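So you can see what is in the structure, the chains are spelled out below.
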Amino acid sequence: MRLTNEEKAMRDGSCGLAVAKAMDLLIRYGDAVGAENLIDVSSVSAGIITDGKTAPGKGDTAPFDAFFSEFYLDSSESVKIPRVRANTCTILHEMDSKLWQVQGVSQKTHDICDYLEDCCNRIGFAPAYTCAPYLVGYVPVKGEHCAWMESSAVPLCNSVFGGRTNTEGIESTGAAMLTGKIPNWGYHLDENRRGHYLVEVEHDVISGRDWGLMGYYIGHVVQEKIPVYSGIKNLPSLRKLMYCSAAGASSGGVEMFHIVGVTPEAYTAETAFGNRKPADVLKFGKNELKDAYERLQTASDPDVNFVMLGCPHYSLEEIWRISMMLEGKHIADHSNLWVFAPNAIKAMADRAGYTAVIEKAGGYIMCDTCPCIAETVPAGTKVFATDSPKQAHHMHSIMKIPAWYGSMEDCVNAALTGRWEGEF
Ligand code: F3S
């Protein structure tokens, strides 16, 4: 790979051993994928992983340095980890720092998460703890390069904001945060951002549920190729696009999509395809919508013990809507309602009084985590309901819990009555 003089100096140790190791890792990564050079990233969204060992006392950073060196820098030699050079935030970890006992998180996991948060703060890793960093200020402008890890956020970055990122991993985000660089390949390059399949949308896709179903159906068909949706009559909100992104990344591996006339690189179908012909033309109509809906209903028992909302994490608007639906009501005795949001959004919900309404009704707003990441659900959960195709898909495959999938209103209603009454 071609390196600048600054990058060569970083590789050779001008900024310390950890940065030299990070640069070495990026060079090996870039060479493996055929990148010609490195590029500067404006933000890094990275996960925190643990080695599962009991946490040492706060302030003892040596175990963190050893652990970071091994898992993030691919180094058996433990090096001192300096402060990050890139604007970096965390994706989720296993616990809500206040409600971890309600969540069912063990004391040991709590102590490890607490220790890691302390260490991450020390190196300047912003404690966003969300799969939706764009809800808390990490919003790239068109053409800006990022190094993001979370699969539901990557298609949003590429498609909706016009930013540029591949789905990075632990090691590459670790190296990117210490250097501010990432190899220039994949979705960073114009030629890899053009559409592959034309999707003719023949049915009015209106609600958040419709957008999630369309993303889920098309993701399964195209896998990691780029679909170009055409014929959309109703301008989608950011939340609808979030459902579409997360769903396409879970049923397939969609990292980018275009919507003709809506997303920034699809002013027309021709621009979305870069004047190439589509590899195939797909249809999305009522039958396809129903097919995706039925595939997501893995439950048959109408008794619902657990309602999960906020996948990807909710914005303040959704929390406000839920608080209005719950005002003066109470959820069913045998049911649980957990709503997930970034901690910065919850701070606003607290001040606005929405949290108090939801808690008075028997629900919780949880932060920094989600059931799939923490692998925790309320005790006794046999059937759950969600408005997220991604959560329905993963909870059923990871935790073997059957799901009802529907709109936010269907789900809030299920929490209130303890029964699923949603219909297609
Ligand atoms: Fe976020 Fe967890 Fe869903 S990471 S996208 S809430 S599965």
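Just above, that's the structure.
A few points on the structure. Predicted, not measured: the structure shown is a model, and the values here were computed from it.

Definitions and limits used
- Residues numbered from 1 in each chain as written.
- Predicted model: local features only at pLDDT ≥ 70, side-chain atom pairs only at ≥ 80, totals over all residues.
- Heavy atoms only, no water.
- Salt bridge = Lys/Arg side-chain N within 4 Å of Asp/Glu carboxyl O.
- Helix = DSSP H or I, 4+ residues; strand = E, 2+ residues; numbered from the N terminus.
- Buried < 20%, exposed > 50% of the residue type's maximum accessible area, 1.4 Å probe, protein only.
- Core = buried A, V, L, I, M, F, W, Y, C linked by side-chain atoms within 4.5 Å.
- Contact = heavy atoms within 4.5 Å.
- Pairing = 2+ DSSP bridges.
- Axes fitted to C-alpha atoms, helices over the stretch in contact; angles between N-to-C directions.
- Near = heavy atom within 4 Å.
- Nonpolar A, V, L, I, M, F, W, Y, C, P; charged D, E, K, R; others polar.
- Domains from an automatic or database assignment.
- Right-handed = clockwise from strand over helix to strand, strands pointing away.

### Quick look at the pattern of salt bridges
Within this structure, the stated rule accounts for 23 salt bridges. Between Asp12 and Arg11 there is a salt bridge, with its nearest N and O atoms 3.0 Å apart. Between Lys283 and Glu202 there is a salt bridge, and its shortest N-O distance comes to 3.9 Å. One end of the pair, Lys283, is in strand S9 (residues 280-284); the other, Glu202, is in the loop between strand S6 (197-201) and helix H8 (208-222), and 81 residues separate them in sequence. Owing to a relative accessible area of 51%, Glu202 belongs among the exposed residues under this scheme. Three or more residues are tied together by salt bridges with common partners; here these are Glu6, Glu7, Asp40 and Lys181.

### What to know about the nonpolar core
Grouped together as the largest cluster of nonpolar side chains are 58 residues, with contacts concentrated most on Tyr134, Met214, Tyr229 and Phe284. Excluding residues that lie within four positions of it along the chain, Phe284 makes contacts with Val199, Glu200, Val201, Glu202, His203, Val205, Leu213, Met214, Tyr217, Ile218 and Leu289. If you look at the next biggest cluster of nonpolar residues, it comprises 43 residues, including Leu25, Tyr29, Leu38 and Ile182.

### Remarks on the sheet that holds strand S4 (residues 146-148)
Sheet architecture is open: 3 strands sit in the order S3-S2-S4, paired in parallel fashion. In this open sheet, the two edge strands, each paired with only one partner strand, are strand S3 (88-90) and S4. Shown here is a sheet whose adjacent strand axes are inclined to one another by a mean of 15°, direction ignored. Here 3 bridges tie strand S2 (residues 43-46) to S3, and the two strands are oriented parallel to one another. Across the sheet, the residue bridging to Ser45 is Cys89, located in S3. Against the sheet, helix H7 (residues 170-179) engages S2, S3 and S4, with an angle of about 145° to S2.

### Quick notes on the sheet that holds strand S13 (residues 384-386)
The 5 strands lie next to each other as S12-S11-S10-S13-S14, forming an open sheet whose pairing is parallel. Bordering the open sheet on either side are strand S12 (364-367) and strand S14 (403-405), each of which pairs with just one other strand. Each neighbouring strand pair of the sheet contributes to a mean axis angle of 25°, computed without reference to strand direction. For strand S10 (residues 306-309) and strand S11 (residues 336-341), the ladder comprises 4 bridges, and the chain directions are parallel. Each bridged residue has a counterpart across the sheet, and for Phe306 the counterpart in S11 is Asn336. This element, helix H13 (residues 343-352), spans S11 and S12 of the sheet and lies at about 150° to S12. Where helix H17 (residues 408-417) meets the sheet, it contacts S10, S11 and S13, and its direction lies at approximately 150° from that of S10.

### Focus: the site of the ligand
All residues in the neighbourhood of the ligand are listed as Leu92, Cys131, Glu150, Ser152, Gly310, Cys311, Pro312, Cys370, Cys372, Lys390 and Gln391. Here the shell around the ligand is built from residues that sort into 6 nonpolar, 3 polar and 2 charged. Residues from two domains meet in the shell around the ligand; each of domain 1 (5-188) and domain 3 (297-417) gives at least three.

### Thoughts on the pairing of S6
S6 sits mainly inside the fold: 4 of its 5 residues count as buried. As defined by bridge partners, S6 adjoins strand S7 (residues 227-230) across 4 bridges and the pair is classed as parallel. If you follow Leu198 over to S7, its bridge partner there is Val228. Assessed by its sense of winding, the connection that carries the chain from S6 through H8 to S7 is right-handed. Pairing between S6 and S9: 5 bridges, direction parallel. Residue pairing in the sheet places Leu198 in a bridge with Val281 of S9.

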